[in-house]
Amino acid sequence: VYPTITRSDNTPQRVTFNQAVPLGRYEVRGRRITDKPDSIKISSQARWESVKGYAKLHNNFGEVTLVEMVALATNNLNDNTSKAFNLKVTRKLRTWDPVDGWSATGVATRNPAWAFCDVFRSEYGAKLSTSFLDMQAIYDLSQIFEAKNQWFDWVFDQPMTVWEAAKMIMRVGRCVPIPQGSLITAVRDKAQTLPSAVFNQHNIVKGTLTEKLRLFEFQPFDGIVVEYTDNDTWKPREVTCVLPGRDGLNLDRIKFPGCTNRNKAYQEGLYILARREYQRTTVT
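This text gives an overview of the structure that appears in the document.

Rules used throughout
- Residues numbered from 1 in each chain as written.
- Predicted model: local features only at pLDDT ≥ 70, side-chain atom pairs only at ≥ 80, totals over all residues.
- Heavy atoms only, no water.
- Helix = DSSP H or I, 4+ residues; strand = E, 2+ residues; numbered from the N terminus.
- Buried < 20%, exposed > 50% of the residue type's maximum accessible area, 1.4 Å probe, protein only.
- Lys, Arg positive; Asp, Glu negative; His and termini not counted.
- Salt bridge = Lys/Arg side-chain N within 4 Å of Asp/Glu carboxyl O.
- Polar contact = N/O pair within 3.5 Å; in protein donor to acceptor, adjacent residues only side chain to side chain.
- Contact = heavy atoms within 4.5 Å.
- Pairing = 2+ DSSP bridges.
- Patch = residues over 30% accessible without salt bridge, like charges linked within 9 Å, V, L, I, M, F, W, Y side chains within 5 Å.
- Areas by Shrake-Rupley, 256 points an atom, 1.4 Å probe, with all protein chains shown as cover.
- Axes fitted to C-alpha atoms, helices over the stretch in contact; angles between N-to-C directions.

Among the structural elements, Arg280 can be located in the loop between helix H4 (262-278) and strand E11 (281-283). Buried Arg280, no salt bridge; nearest opposite-charge side chain is Glu277, N-O distance 5.2 Å. Reaching out from Arg280, the side chain makes a polar contact with the backbone oxygen of Leu215 at a distance of 2.9 Å. Within the local environment of Arg280, its side chain forms a polar contact with the backbone oxygen of Arg276, the two atoms lying 2.7 Å apart. In contact with Arg280, not counting residues within four places along its chain, are Lys212, Leu213, Arg214, Leu215 and Phe216.

This is the structure:
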């Protein structure tokens, strides 16, 4: 059966035909079945642009996000542009609390703590059980993130190690992941009360205590340009951070992935500068 198409327009018309066939390999061709008009006032030219086949296979891609869409077939649609599209998405992850445990399903959340847990618990991550995570400490951090509006908004589109992803996530909350015995937890940089004790050669193993002092540089950076992601355009933006009393003539540059708020990026830049200025002794 040949379809009949009637048009009255000077604009070239594009038409797509579908045909369901059994799964296999096919060779397709087209041919003209009418004579071409002799009049120059009538355009009667057909051009075959492309033919494409789809095999309906029931593949299981695992615990990943799949996107299905329909695009208008034009000359601008090719293998490259067909994969270039933008989405406004909402991250849904399972959350935890000390009373009810894990939520039954994923909930909309921007909290870095639950992205941190997902990296270690998911099938595409470390595949660890909850028993390897310090959930109470992570939950306490999640409450701090909520109170301070410290969010992690990011898309992992490049392969990286689990530990690098965990460090990237927790950085937005001024935290670093650390192994604590057989547990994985995170520690936030803040004022803390530490137990004090006296150590000498009788109660410490030789070589287990080190103290490092970072000396002042001859030409230290007196400012930082922080690159973050704009929450409206999803494009990189920059903000310059300079401590009071500095000229900002020798600027360092850092990237702050996961941060989509200019004020948060500015605060992070000042925090890094102050840490470089005042935290100069490291005891291990």
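Within the secondary structure layout, Leu209 lies in the loop between strand E6 (183-188) and strand E7 (211-213). Considered as a pair, Leu209 and Met69 are 140 residues apart in the sequence and their alpha carbons are 59 Å apart. Once residues within four sequence positions are removed from consideration, Leu209 is found in contact with Ile204, Val283 and Thr284.

Next up on the list: the pairing of strand E5 (residues 175-180). Pairing analysis gives six bridges linking E5 to E6, with the strands arranged antiparallel. By the bridge assignment for E6, Cys175 is matched with Arg188. The hairpin turn running from E5 into E6, its antiparallel successor, is two residues long, and Gly181 in that turn takes a positive phi close to 70°.

To continue, consider a nonpolar patch on the surface. Judged by side-chain polarity, Val21, Tyr26, Val28, Trp48 and Val51 come together as a nonpolar surface patch covering roughly 520 Å² of accessible area. Residue placement: Tyr26 occurs in the segment before strand E1 (92-93).

Attention now moves to helix H1 (residues 112-121). In terms of residue burial, H1 counts as a mostly covered element, since nine of its ten residues are buried. Taken together, the buried positions of H1 are occupied by Pro112, Ala113, Trp114, Ala115, Phe116, Cys117, Asp118, Val119 and Phe120. Of the residues that open H1, the one with a side-chain oxygen 2.9 Å from the backbone nitrogen of Ala113 is Asn111.

Here we come to the sheet that holds strand E8 (residues 223-229). Overall, mixed pairing links the three strands, which are arranged E9-E8-E10 in an open sheet. Sheet topology places strand E9 (236-241) and strand E10 (251-255) at the edges, where each strand pairs with a single neighbour. Across the sheet, the mean angle separating the axes of adjacent strands is 25° when strand polarity is ignored. Relative to E9, E8 is paired through six bridges, and the arrangement is antiparallel. Each residue of the ladder has a partner; that of Thr229, found in E9, is Pro236.

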